[in-house]
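In case you want the letters, here they are:
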Amino acid sequence: MGFFDFMTEDIAIDLGTANTLIIHNDKVVIDSPSIVARNRITGKIIAVGKEANLMQGKTHENIKTIRPLKDGVIADFDASEQMIKMFINSIPALKKKMFTPALRMVVCIPSGITEVEMRAVKESCERVNGKEVYLIHEPMAAAIGIGIDIMQPKGNMIVDIGGGTTEIAVIALGGIVCDKSVKIAGDVFTNDIVYYMRTQHNLFVGESTAEKIKIQIGAAIEDLETPPEDMSVQGRDLLTGKPKQVDVSYREIAKALDKSIQRIEDAVMETLSQTPPELAADIYNTGIYLAGGGSMLRGLDKRISQKTDLPVYIAEDPLRAVVRGTGMALKNIGKFKSILIK
């Protein structure tokens with residue numbers, strides 16, 4: 001095996017509904033939206049990641065933007081494979097190599113995923129030269145990334161709000177004791193905002209604009225201590241058909257997102273109610289950890305804390321917590337062997 005070790009490169013991938021992140025040599029080398037643009041006539045992929053993201057909602061009939069992952073699982077096998085391939089090929093350190101190295105990869109997957117969906121992820125990776133492919137459950141990776149020692153006989157609760165799914169898990173002894181995966185996350189928030197703008201302001205906005213609103217003034221509660229400035233939003237007036245602009249405040253967005261956030265709260269409550277008493281005792285002391293892009297929603301930590309009466313902590317750099325954990329699992333494959341799925 002000695003010679004092959006020299007030929008093998010290790011990469012960790014967080015294949016997300018909204019963003020794909022790749023770690024190589026302990027550095028995040030790829031952090032891009034999970035989206036590809038395809039030429040309808042030739043079937044060729046013309047752009048991927050940030051470039052394709054800029055095209056979203058602005059294409060003519062010969063270009064189609066595709067988000068290959070839906071609800072955390074692969075919806076378009078072909079496009080996802082192309083996307084992974086293009087991301088891997090654009091890693092600077094691998095470009096210098098004379099020939100494509102064999103890859104040892106750890107990829108994270110949602111915890112509510114089926115066997116078939118798991119195989120799709122694995123096969124996608126094997127087709128881009130992955131010789132050893134390990135899978136790791138997302139809440140596990142998030143916990144490792146946050147810096148929790150998951151092998152301890154101590155309960156920790158992780159809530160990972162991604163683009164397609166919210167993963168809630170109680171982890172102890174290197175395993176998931178109880179978990180819940182709900183399909184309410186960043187994408188649903190974005191659609192809530194589109195719907196709100198349409199019904200309340202008669203303004204038709206695209207997904208990219210709604211996403212910008214979410215990031216700039218998104219909130220989970222209507223009384224923030226440090227509120228963001230109102231935002232000017234441009235779109236199409238549904239009554240006159242003319243482009244128009246309205247000013248939106250964070251309070252409106254909190255209203256728009258209220259129902260979806262309630263459903264995340266309910267899922268958290270349900271998971272807590274299924275937690276064995278010894279672990280519940282631990283969680284009373286350790287609190288709840290939030291990871292994923294959705295955890296950056298202003299006031300969400302406070303809201304969940306009020307609902308559960310527990311302390312809630314947001315991971316540092318929550319967007320990268322999962323890929324950091326995946327990278328650590330890859331580095332210490334020996335230690336984490338038990339939690340990786342071959």
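Residues numbered from 1 in each chain as written. Predicted model: local features only at pLDDT ≥ 70, side-chain atom pairs only at ≥ 80, totals over all residues. Heavy atoms only, no water.

## With respect to helix H7 (residues 186-201)
- With 16 residues, H7 extends 22 Å between its outermost C-alpha atoms, agreeing within 8% with the 22 Å of an ideal straight helix rising 1.5 Å per residue.
- Buried within H7 are the following residues: Gly 186, Phe 189, Thr 190, Asp 192, Ile 193, Val 194, Tyr 196, Met 197 and His 201.
- Elements that come into contact with the buried residues of H7 comprise strand E11 (156-161), strand E14 (203-204), helix H8 (207-217), strand E15 (231-237), strand E16 (243-248) and helix H9 (250-274).
- Two residues or fewer after H7 comes Asn 202, characterised by a positive phi angle close to 50 degrees. (Helix = DSSP H or I, 4+ residues; strand = E, 2+ residues; numbered from the N terminus. Expected span 1.5 Å × (residues − 1). Buried < 20%, exposed > 50% of the residue type's maximum accessible area, 1.4 Å probe, protein only. Contact = heavy atoms within 4.5 Å.)

## Some details on the sheet that holds strand E5 (residues 45-48)
- If you walk across this open sheet you meet the three strands as E5-E4-E6, and the pairing is antiparallel. Whereas interior strands pair on both sides, the edge strands pair on one side only; in this sheet they are E5 and strand E6 (63-66). For this sheet the average axis-to-axis angle between neighbouring strands, irrespective of direction, equals 20 degrees.
- Relative to E5, strand E4 (residues 36-39) runs antiparallel, the two sharing three bridges. Counterpart to Ala 37 in the pairing with E5 is Ala 47.
- In the packing of helix H3 (residues 77-89) onto the sheet, contacts are made with E4, E5 and E6, and the angle to E5 comes to roughly 60 degrees. (Pairing = 2+ DSSP bridges. Axes fitted to C-alpha atoms, helices over the stretch in contact; angles between N-to-C directions.)

## Some thoughts on the domain arrangement of the protein chain
- Splitting the protein chain by domain gives domain 1 (5-141 + 322-341), domain 2 (147-184 + 260-319) and domain 3 (191-256).
- Using only C-alpha atoms to locate each centre, domain 1 and domain 3 end up separated by 32 Å. (Domains from an automatic or database assignment.)

## With respect to the sheet that holds E11
- The strand order across the open sheet built from five strands is E13-E12-E11-E17-E18, with neighbouring strands paired in mixed fashion. If you trace the sheet from one side to the other, it starts and ends with strand E13 (175-182) and strand E18 (312-314), each paired once. For this sheet the average axis-to-axis angle between neighbouring strands, irrespective of direction, equals 20 degrees.
- Where strand E17 (residues 288-291) lies against E18, three bridges are found, and the strand directions are parallel.

## Re the environment of Lys 242
- Its place among the elements puts Lys 242 in the loop between E15 and E16.
- Taking relative accessible area as the criterion, Lys 242 reaches 54% and is therefore assigned exposed.
- Along the chain, Lys 242 and Leu 203 lie 39 residues apart, while their C-alpha atoms are 9.9 Å from each other.

## Observations regarding unusual backbone geometry
- A positive phi angle, close to 65 degrees, is found at Asp 26, a residue other than glycine.
- Structurally, Asp 26 is set in the loop between strand E2 (19-24) and strand E3 (27-33).
- With a phi angle near 55 degrees, Leu 173 is a residue other than glycine that sits in the positive phi range.
- Along the polypeptide, Leu 173 turns up in the loop between strand E12 (166-172) and E13.

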